[in-house]
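Chain residues, written in single-letter form:
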Amino acid sequence: MNNFLSVKDATDINHLIERARYFKTHPHENAYIGQHKTLINLFFNPSLRTRLSTEKAGTTLGFQVITMDMAGGWKLEFEDGVVMNLDRAEHVKEAAGVLSQYCDILAVRSFPGLEDRNADYEDRIIHAFRKYATVPVVSLESATRHPLQSLADCITIAEHRKTERPKVVLTWAPHPRQLPQAVPNSFAEWMTGWDEVDLVIANPEGFDLAPEFTAGAEVLHDQAEALRGADFVYAKNWSAYEPYGATTDRTDWLVDTDKMALTNDAYFMHCLPVRRNVVVSDGVLDSPRSLVLQQANNRTWSAAAVLEALLVR
Amino acid sequence: MNNFLSVKDATDINHLIERARYFKTHPHENAYIGQHKTLINLFFNPSLRTRLSTEKAGTTLGFQVITMDMAGGWKLEFEDGVVMNLDRAEHVKEAAGVLSQYCDILAVRSFPGLEDRNADYEDRIIHAFRKYATVPVVSLESATRHPLQSLADCITIAEHRKTERPKVVLTWAPHPRQLPQAVPNSFAEWMTGWDEVDLVIANPEGFDLAPEFTAGAEVLHDQAEALRGADFVYAKNWSAYEPYGATTDRTDWLVDTDKMALTNDAYFMHCLPVRRNVVVSDGVLDSPRSLVLQQANNRTWSAAAVLEALLVR
Amino acid sequence: MNNFLSVKDATDINHLIERARYFKTHPHENAYIGQHKTLINLFFNPSLRTRLSTEKAGTTLGFQVITMDMAGGWKLEFEDGVVMNLDRAEHVKEAAGVLSQYCDILAVRSFPGLEDRNADYEDRIIHAFRKYATVPVVSLESATRHPLQSLADCITIAEHRKTERPKVVLTWAPHPRQLPQAVPNSFAEWMTGWDEVDLVIANPEGFDLAPEFTAGAEVLHDQAEALRGADFVYAKNWSAYEPYGATTDRTDWLVDTDKMALTNDAYFMHCLPVRRNVVVSDGVLDSPRSLVLQQANNRTWSAAAVLEALLVR
């Protein structure tokens, strides 16, 4: 694996899941893998789980891990040929080139602005780093995707499925703020790319995700219909793809115990952070069917599997 | 020891002091203790000494240490049953549950607001982490207590006492800003709980600490009377418990060489940071009787003793 | 070596270069050097290269490295005898004394204010830490100097020179913001102190550096004349020393391929971050004669050589 930006980089999802589960059960025996290697994590946006789980994965594999918050420093220029006489003090060409000399793997988090869809969907920050870095680049969530989360979700489903081909429902849920599409985009492309589950996506009219991510999934606008018979319910809010960034006040899409009763005793999933009693009720989140902590735990092991795969490329 | 939030968690103070002094004299032989263990330090407020000494203690014992500044991230919700549609993006239930999966000990700093006494004295942030974390929780200073400081103070007194049962005076001192009661509360409950010193507390009328912390100590409102015969003088400003958060401009309570002359050639102590010539004069702070650097040094070893005790619980 | 603040601390530049090049070619064999040692990096100003390269150098030598951003914490007092009743909560006497107990080497970054020349050129923050710390102090760029950069520049020139005594030209270049003189001051004193190159400094009238740094160098106000026959061209903007902090809009001083054609097929150097097409054209920066990434890489090895030298003092 040369980089880890989307499901397309994962040539063998089941092998990654297998390695992640191996690291999870053997956490203390793998420090030789990253010996004398350095992992740099660059955060252009805040992070709790991603930062901690990736640091933990790195040190578990023996990496020297350096985490850098870019919000407090100078701004980078991502356009080529520009006369840099405004507020951007360094070009990504230099930044990526320099950073590549200080590390063996470069991980980057960068959120979308949610104002200019074309700019966001070019995902220019992560792609600029991939273009100019001379070491493998890992997405810690980009403008359009969150692949380490999706791999952790695959691991969690693999650990809990009881049927050969479970029904997985990704349902839109309410939220007071405008959120990116990165997590649902990524979840959709990983579920369909993995091809071990049947994916149904439920969202209000006007909230369909970009078609490039949902090919192979069934898209419904009736939440109850979608939930019927589900083995896994994955709740997540996102703002609209068209008109880009639009939000809606559909509080009736909150996932509660009545809705979960429509399912096949489904597990509940969410990537966290989650707003209780807005996205999902306390009753669902505090029930034994909730897998949200397990998903968060698997973030460490999905990162470990990816870091290993990038070294043996 | 299951957690470390107050003196009540320390079942044997002298054993902690002994272990701290052992680590101080044998700093390079204990990396086996925290091998394969992770310590996460969460800071909701700024820190210099606490952060550095706790990181140093952790790595001296072989822990992987991750320090996280929470000020730059999203806000946590601490109330149960709330509809989280305002500015708090994650509930402490999830945060503590997730963090517990990434570490073996979770340390938290969280200051009081100094506006609502009931809220502050519930100490809800540290208690919420204790409630929802599945690993031991350490206070890096909470709204009402600073136990790692107090243990370091015990160590420092143990190292310097020349009598069986020295007289220790905790004296209020002036300060231009409104400060918490955490350090003096904690110092009082540790000195009386340790029961190897006689504690006298001196403060202006109206600045008595909460009674739950001062039982067993003599409280005087005449600083000179309190200082007479003291073996250790511990200076610290605090705002009033009643009316909560009130301050006063009693610059006559500054500790200077004239006041130290009233004592039994006492050592001077302060937890730092200290405002020179406001709390204490240059003459006292720069004299060989000042133990402020020794106290700061012992922060490392008090943290080491606590981390060890939490692993062998 | 007792501290590393200026070229005067480097008693043998060629030995430092030699050690740096040894560490560069043997990066995985030197973790014994800093075993059981702690390096603390204090940043009063932002940093990318300096932070990452110094962290990498420290861990390569086996140090425990702690990096601390001081911008988010309380302010330090640097004056003696002050009544500290304003916004500065801790005196550098205590801060430096405390930090010295937590580490074996203390590294500090602190930029100038560019308003009061006397205050800036006293370089009081770094000197206060040198005065009160009981461990060696390293400059991570102070108000007037950036010695780790200059040593990296010496290494880079040593690696690429093809003549016994190359001609090195330090040329002022345009920039939209007011910048310190630290990098050019330091480069000038290291090039003349090293005494293995001929240094020519080119800058517009009114932009001469302080004489204490340029003794031994030729100063010209005609860029083309200076560049003729150069083997290395080092571009850098700086604001005026007299009147202090003045800037100018001399965009004709940008370094482009036409100007480089005047040289002896010179290498191009810059300390980064660099504003493309303001300081230097894309054509020069993207050419194989650009050494900017090599300079950045050598930051790691210059720091490693300095850390080692401070331990064996």
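Residues numbered from 1 in each chain as written. Chains lettered and ligands numbered in written order. Predicted model: local features only at pLDDT ≥ 70, side-chain atom pairs only at ≥ 80, totals over all residues. Heavy atoms only, no water.

Heads up, the rule is: UniProt positions are given in the numbering used here, feature names are shortened, and annotations may be inferred rather than shown by experiment.
Looking at an unreviewed UniProt entry, chain A carries the name N-succinylornithine carbamoyltransferase, with the source organism given as Neolewinella xylanilytica. The UniProt entry for chain A carries this comment under Catalytic activity (unreviewed entry): "N(2)-succinyl-L-ornithine + carbamoyl phosphate = N(2)-succinyl-L-citrulline + phosphate + H(+)".

## A closer look at the pairing of strand β1 (residues 38–43) of chain C
Residues and elements named next belong to chain C. To be explicit about the condition: We call a residue buried when its accessible area falls under 20% of the maximum for its residue type, exposed when it is over 50%, and partly exposed in between, using a 1.4 Å probe and counting protein chains only. Think of it this way: any DSSP run of H or I at least four residues long counts as a helix, any run of E at least two long counts as a strand, and we number them from the N terminus. Pairing between two strands requires that DSSP report at least two bridges joining them. A clockwise path from the first strand over the helix to the second, with the strands pointing away from the viewer, defines a right-handed crossover.
Across the 6 residues that make up β1, a large majority, 6, are buried. The alternating pattern of β1 places T38, I40 and L42 and L39, N41 and F43 on opposite faces, both of which are buried. Bridge count between β1 and strand β2 (residues 64–69): 6 bridges; the pairing is parallel. Note that in β2 the partner of N41 across the bridge is T67. Following the chain from β1 across helix α2 (residues 49–60) to the adjacent parallel β2, one finds a crossover that is right-handed. Here β1 runs beside strand β5 (residues 105–109); their pairing, made up of 5 bridges, is parallel. Pairing of N41 across the sheet is with A107, part of β5.

## Brief notes about the domain arrangement of chain A
The parts lose accessible area when they come together, and the size of an interface is often stated as this lost area. All names here are of chain A. Worth spelling out the cut-off: Note: domain ranges come from an automatic or database domain assignment. Note on contacts: a residue pair is in contact if any heavy atoms of the two residues lie within 4.5 Å. For salt bridges, the criterion is a side-chain nitrogen of Lys or Arg within 4 Å of an Asp or Glu carboxyl oxygen.
Split into domains, chain A comes out as domain 1 (3–145 + 299–311) and domain 2 (147–296). Facing 36 residues of domain 1, the contacting portion of domain 2 comprises 34 residues. In this structure, the connection of domain 1 to domain 2 is made through 3 salt bridges. Two residues, E242 and R117, come together in a salt bridge whose shortest N-O distance is 3.1 Å.

## A short note on the relation of the copies chain C and chain A
This is how the line gets drawn: Superposing the copies works by least squares over the C-alpha atoms of residues that have pLDDT at least 70 in both of them.
Taken as rigid bodies, chain C and chain A are interconverted by a rotation of 120 degrees and an axial shift of 0.0 Å, the fit giving an RMSD of 0.0 Å. Taken together, the rotation and translation relating the two chain copies correspond to the operation of a three-fold axis.

## Here we look at the pattern of salt bridges
Across all of its chains, the model carries 60 salt bridges over all chains by this definition. For E55 of chain A, the salt bridge goes to R51 of chain A, with nearest N and O atoms at 2.8 Å. In this pair, E55 of chain A and R51 of chain A both sit in helix α2 (residues 49–60), 4 residues apart, roughly one turn of the helix. You can call E55 of chain A buried: its relative accessible area is 7%. One network of salt bridges, in which partners are shared, links K93 and E94 of chain A together with R276, D282 and D286 of chain C.

## Thoughts on the UniProt feature "binding site: N(2)-succinyl-L-ornithine" (unreviewed entry) in chain A
Residue and element names in this part refer to chain A. Our working rule: Side-chain atoms alone can form a polar contact between residues adjacent in sequence; in general such a contact is a pair of N or O atoms within 3.5 Å, and within protein one must be able to donate a hydrogen while the other accepts it.
Mapped onto the present numbering, the UniProt feature "binding site: N(2)-succinyl-L-ornithine" (unreviewed entry) falls at E141, H175, K236 and R275. Mapped onto the secondary structure, E141 falls in the loop between β6 (137–139) and α6 (147–160). If near-sequence neighbours (up to four positions away) are discounted, E141 is found in contact with V108, R109, S110, F111, H146 and A182. A polar contact is formed between the side chain of E141 and the side chain of R109, at a distance of 3.5 Å. Checked against the element boundaries, H175 lands in the loop between β7 (167–172) and α7 (182–194). The exposure class assigned to H175 is buried, which follows from its relative accessible area of 17%. Look past the residues within four positions of H175 in its chain and what remains in contact with it is N237, R275, V278 and V279.

## Looking at the nonpolar core
What counts here: Only buried residues count toward a nonpolar core, which is a set of Ala, Val, Leu, Ile, Met, Phe, Trp, Tyr and Cys residues joined through side-chain atoms within 4.5 Å.
In terms of nonpolar packing, the biggest core is built from 108 residues, with L42, L106 and F129 of chain A together with F268 of chain C touching the most fellow members. Per element, the largest residue contribution to this core is 10 residues, and it comes from helix α12 (residues 292–311) of chain C. Beyond its immediate chain neighbours, meaning those up to four positions away, F129 of chain A contacts L42, F44, L76, F78, V92, A96, L99, L106, V108 and V137 of chain A.

## A look at the pairing of strand β7 (residues 167–172) of chain B
Residues and elements named next belong to chain B. Counting buried positions along β7 gives 5 out of 6 residues, so the element sits mostly inside the fold. The sheet contact formed by β7 and strand β8 (residues 198–202) spans 5 bridges and is parallel. Counted as the bridge partner of L170 is I201 from β8. Note that the unit made of β7, helix α7 (residues 182–194) and β8 has a crossover that is right-handed.

## Remarks on the interface of chain A and chain B
To keep things clear, this is the line we draw: Buried area: the accessible area, evaluated with a 1.4 Å probe, that two parts lose upon being put together, summed over both parts. All amino acids are sorted into three groups, where Ala, Val, Leu, Ile, Met, Phe, Trp, Tyr, Cys and Pro are nonpolar, Asp, Glu, Lys and Arg are charged, and the leftover types, Gly among them, are polar.
With 28 residues of chain A at the contact, the number on the chain B side is 30 residues. Both sides together, the interface formed by chain A and chain B hides about 2,500 Å², and carbon and sulfur atoms give 60% of it. Counting across the interface, chain A meets chain B through 3 salt bridges. The residue E94 of chain B makes a salt bridge to R276 of chain A at a minimum N-O spacing of 2.8 Å. At the boundary of chain A with chain B, the tally comes to 10 residue pairs in polar contact (both at pLDDT 80 or more). When contributions to the side of chain A that touches chain B are tallied by element, the ones reaching two or more residues are α2, α11 (282–285) and α12 (292–311) of chain A. Each residue belonging to the side of chain A that touches chain B can be placed in one class, and the counts come to 11 nonpolar, 8 polar and 9 charged.

## Let's talk about the interface of chain C and chain A
Tallying the contact residues gives 28 residues for chain C and 30 residues for chain A. Summing both sides of the interface, chain C and chain A together bury roughly 2,500 Å²; the carbon and sulfur share of this comes to 60%. Run the count over chain C and chain A and you get 3 salt bridges. A salt bridge links D286 of chain C to K93 of chain A, with the nearest nitrogen and oxygen atoms 3.0 Å apart.

## A few points about the sheet that holds β7 of chain B
Residues and elements named next belong to chain B. Definition in use: Every angle, taken between N-to-C directions, lies between 0 and 180 degrees, and every axis is a line fitted to C-alpha atoms, over only the stretch in contact when it is a helix.
Strand order in the open sheet formed by 5 strands is β9-β8-β7-β10-β11, with parallel pairing between adjacent strands. Edge positions in the open sheet fall to β9 (218–220) and β11 (267–269), since each of these has one partner strand only. Within the sheet, the average angular offset between the axes of one strand and its neighbour, ignoring direction, is 20 degrees. Alignment of strand β10 (residues 232–236) against β11, held across 3 bridges, turns out to be parallel. Residue V233 lies in a different strand from β11, and its bridge partner there is F268.

## Some remarks on the side chain of S100 of chain C
All names here are of chain C. Its location among the elements puts S100 in helix α3 (residues 92–102). There is a polar contact of 2.9 Å between the side chain of S100 and the backbone nitrogen of T134. Apart from the residues lying within four places of it in its own chain, the contact partners of S100 are A133, T134 and V135.

## Section: helix α7 (residues 182–194) of chain C
The test is simple: Helix span is expected to be 1.5 Å times the residue number reduced by one.
For α7 of chain C, which comprises 13 residues, the first-to-last C-alpha distance of 18 Å matches the rise-based estimate of 18 Å (1.5 Å per residue) to within 8%. Within the span of α7 of chain C, buried status applies to A182, V183, P184, N185, S186, F187, A188, E189, W190, M191 and W194 of chain C.

## Quick notes on the sheet that holds strand β2 (residues 64–69) of chain A
With parallel pairing, 4 strands are arranged side by side in an open sheet as β2-β1-β5-β6 (chain A). Since the sheet does not close on itself, it has two edges, and those belong to β2 and β6 of chain A, each with one partner. Geometrically, the sheet is characterised by an average inter-axis angle of 20 degrees between neighbouring strands, direction not taken into account. α2 of chain C rests against β1 (38–43) and β2 of chain A of the sheet, and its axis sits at about 160 degrees to β2 of chain A.

## Structural notes on the packing of aromatic side chains
For clarity, the threshold we go by: Ring pairs are drawn from Phe, Tyr and Trp, using the six-membered ring of Trp, whenever the two centres fall within 6.5 Å, and their geometry is named by plane angle: stacked under 30 degrees, edge-to-face over 60, tilted for the rest. Only when the NZ of Lys or the CZ of Arg is both within 6 Å of the ring centre and within 35 degrees of the ring normal is a charge said to sit over the ring.
Overall, the coordinates contain 33 aromatic pairs over all chains when judged by the stated rule. Taken together through their ring pairs, the aromatic side chains of Y121, F213, Y241 and Y244 of chain A make up a single cluster. Across the ring face of Y267 of chain A, the terminal group of R289 of chain A is positioned such that the distance to the ring centre comes to 4.0 Å. Positioned above the aromatic ring of Y241 of chain C is the side chain of R117 of chain C, whose terminal nitrogen or guanidinium carbon lies 3.8 Å from the ring centre.

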